[in-house]
Amino acid sequence: MVFSTRGGGNAVQIVQRHHFVSHLKRMSVVVRVEEQFFAFVKGAPETIQERLVDVPSSYVQIYKKYTRQGSRVLALAFKSLPEMTVSEVRSMDREMVESGLTFAGFAVFNCPIRGDSANVLSELKGSSHDLLMITGDQALTVCHVAGQVHIVSKPALILSPAKNGEGYECVSPDETEIISHSEKDVEALAEAHDLCVGGDCIAMLQQTSAVLKVIPYVKAHAGLALLNAMPPTQSEKASSDSSSKNETSKPAKLKKLKHMKEAGNALDINGEETSKSRALAWSESTRHTASYHHLIAAEMQRKKLRKLTDELNEEGDGRSAPIVKLGDASMASPFTAKHASVAPTIDIIRQGRSTLVTTLQMFKILGLNCLATAYVLSVMHLDGVKLGDVQATISGVFTAAYFLFISHARPLPTLSAERPHPNIFCSYVFFSLLGQFALHLFFLVSSVRESAKYMPDECIEPDSDFHPNLVNTVSYMVNMMIQVATFAVNYMGHPFNQSILENKPFLYALLAVIGFFTVVTSDLFRNLNDWLKMVSLPTALRDKLMLWAFLMFLGCFLWERSLRWVFPGKMPAWKKWQQLAGDNLEKKKHI
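It should be emphasised that the depicted structure is a prediction, and the values quoted were computed from it without experimental measurement.

Scoring rules and cut-offs
- Residues numbered from 1 in each chain as written.
- Predicted model: local features only at pLDDT ≥ 70, side-chain atom pairs only at ≥ 80, totals over all residues.
- Heavy atoms only, no water.
- Axes fitted to C-alpha atoms, helices over the stretch in contact; angles between N-to-C directions.
- Helix = DSSP H or I, 4+ residues; strand = E, 2+ residues; numbered from the N terminus.
- Parallel < 35°, antiparallel > 145°, perpendicular 65-115°, else oblique.
- Left-handed = near helix turned anticlockwise from the far one by under 90°.
- Contact = heavy atoms within 4.5 Å.
- Nonpolar A, V, L, I, M, F, W, Y, C, P; charged D, E, K, R; others polar.
- Pairing = 2+ DSSP bridges.

## A closer look at the packing of helix H12 (residues 343-378) against helix H15 (residues 470-490)
Phase 1: Their axes nearest at 10 Å, the elements H12 and H15 cross at an angle of 165°. In terms of axis orientation, H12 runs roughly antiparallel to H15. The handedness of the crossing between H12 and H15 is right-handed. Across from Gln-361, Lys-364, Ile-365, Leu-368, Asn-369, Ala-372 and Val-376 in H12, the residues of H15 making contact are Asn-479, Ile-482, Gln-483, Thr-486, Phe-487 and Asn-490.
Phase 2: Among the residues making up the contact of H12 with H15, the classes are represented as six nonpolar, six polar and one charged.

Following this line, the structure appears as structure tokens:
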């Protein structure tokens, strides 16, 4: 029942509801004013237009004017119903209620765009992403909003049924450009325009092969559902806490009330209570009894509301209200944001790209380190080259520290137009590993052979105990230099993650290793070298090792950067998507 707040109006009783259904694009109610029944309908202007008895001459012009401005427009209509009983009204078919209507006016809603939407979508567009919109709004409204948030960058065309009723046509929002729909010209049309396709037109396209050419232009690979859920405020938390306290204290109050009643009765029986105390006891008892009845009424009201909510949540045929519950959005999209903002989209892409490049560089570093270690432990082992326990421990500690600090690299706050490689097994990774390992192997073999020139001729058994010599010292130092170069060269950094200079822990670890090798190579602390089981290097050999190490690092660095330029991350290709969609369709046909 609805009453006027100012008084003097007639009471309006809602007798029947027909809730909004997406494919009907309208809703209606049947009300009773005194003894007369009326039907009130609201919905999309183009839907209500078909159900009006008399359409005003400026009907289409007015609603299109506001939808082109980005407003949401609802058409309002009504009709009076003949005399009948309430049961007859409730059994009326929805089609009868919502036909033969009289136009009442338009309800125009201005829905401003969120302040961060345009900036976020602009950044997404600048990071080599194609922006698409899937919405239930009117096509003209969609085109206006899409232009404001940088989704539309070319002239927009709306695919809609032709006015003559034969086929379909592409119409600009201002209707100054009309192009007949042709299956052959879809690709060329999409290159010069941004397409807006309605749900009814998609059903048409699915009946022809044009769907393979159009759908890739309006298809999204990842979806983000937005919810209007807001975190509870402090006042709401306080009220919730107080209500829970009231619920828990209810039995105590009832127990106290019962105790007071028993005490009052006992005093009356014994005749030891004065008239004043009896009056006070009766007043207190009455007050608690009223409070108890109030609690019972509130509990019954809550149960009634809970029951009504459960009924509304049940699926129906359009007579029940579709309620979207928290968590349902994940059914439509892989990701769900807690708030109505598109900013989490950038966070998802930033974190995803950072994870991808980190995984890629981890595999490359592990591959190069394994290849170098395998050579030392297999081929060089036959020549008696071994590593001491302390040497192996220090090498393992440095390697673990490098992996730890690499994983601490944070993604950059802004998205880049470049894209990381999506696969580990690709030409870029293969040639990078092959070229760097060739340089590492050449440096390792050359250094060991050069150090052998300074050693006396002796036969070292492969299975003999470790004892320090020049070859072991050089091979250990070269192997460590290769590991440092591998981590430094294959660190991805910009434009996805922090650079080496920005990743302070990793930078300090590199500087620490460089300082360690400087001290060990120069033999400043003889006790340290003795503890590491390392012998002194001849001056000429030491200078050659430092020079070769620098050239090895420079060669690996240039090779890696050249491959990144030759094999950039792949950009999405429309034709590839079309081919993929066609292949999937063919597979379904054969199945």
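## Observations regarding the sheet that holds strand S8 (residues 178-180)
Phase 1: Spatially, the four strands line up as an open sheet ordered S8-S7-S6-S9, and their pairing is mixed. Two strands close off the open sheet at either side, each with one partner strand: S8 and strand S9 (194-197). Each adjacent strand pair in this sheet contributes to an overall mean axis angle of 30°, direction not counted.
Phase 2: Note: strand S6 (residues 156-161) against S9, four bridges, orientation parallel. What sits directly across from Leu-157, in S9, is Leu-195.
Phase 3: Its contacts with the sheet put helix H6 (residues 139-148) on S6 and S9, and the angle it makes with S6 is roughly 165°.

## Remarks on the packing of helix H2 (residues 59-68) against H6
Phase 1: At a minimum axis distance of 7 Å, the contact between H2 and H6 shows a crossing angle of 25°. Taken together, the axes of H2 and H6 are roughly parallel relative to one another. Here H2 runs over H6; the crossing is right-handed. Each of Lys-64, Thr-67 and Arg-68 in H2 lies in contact with H6, whose residues at this interface are Leu-140, Thr-141 and His-144.
Phase 2: A class-by-class count of the residues in the contact of H2 with H6 yields one nonpolar, three polar and two charged.

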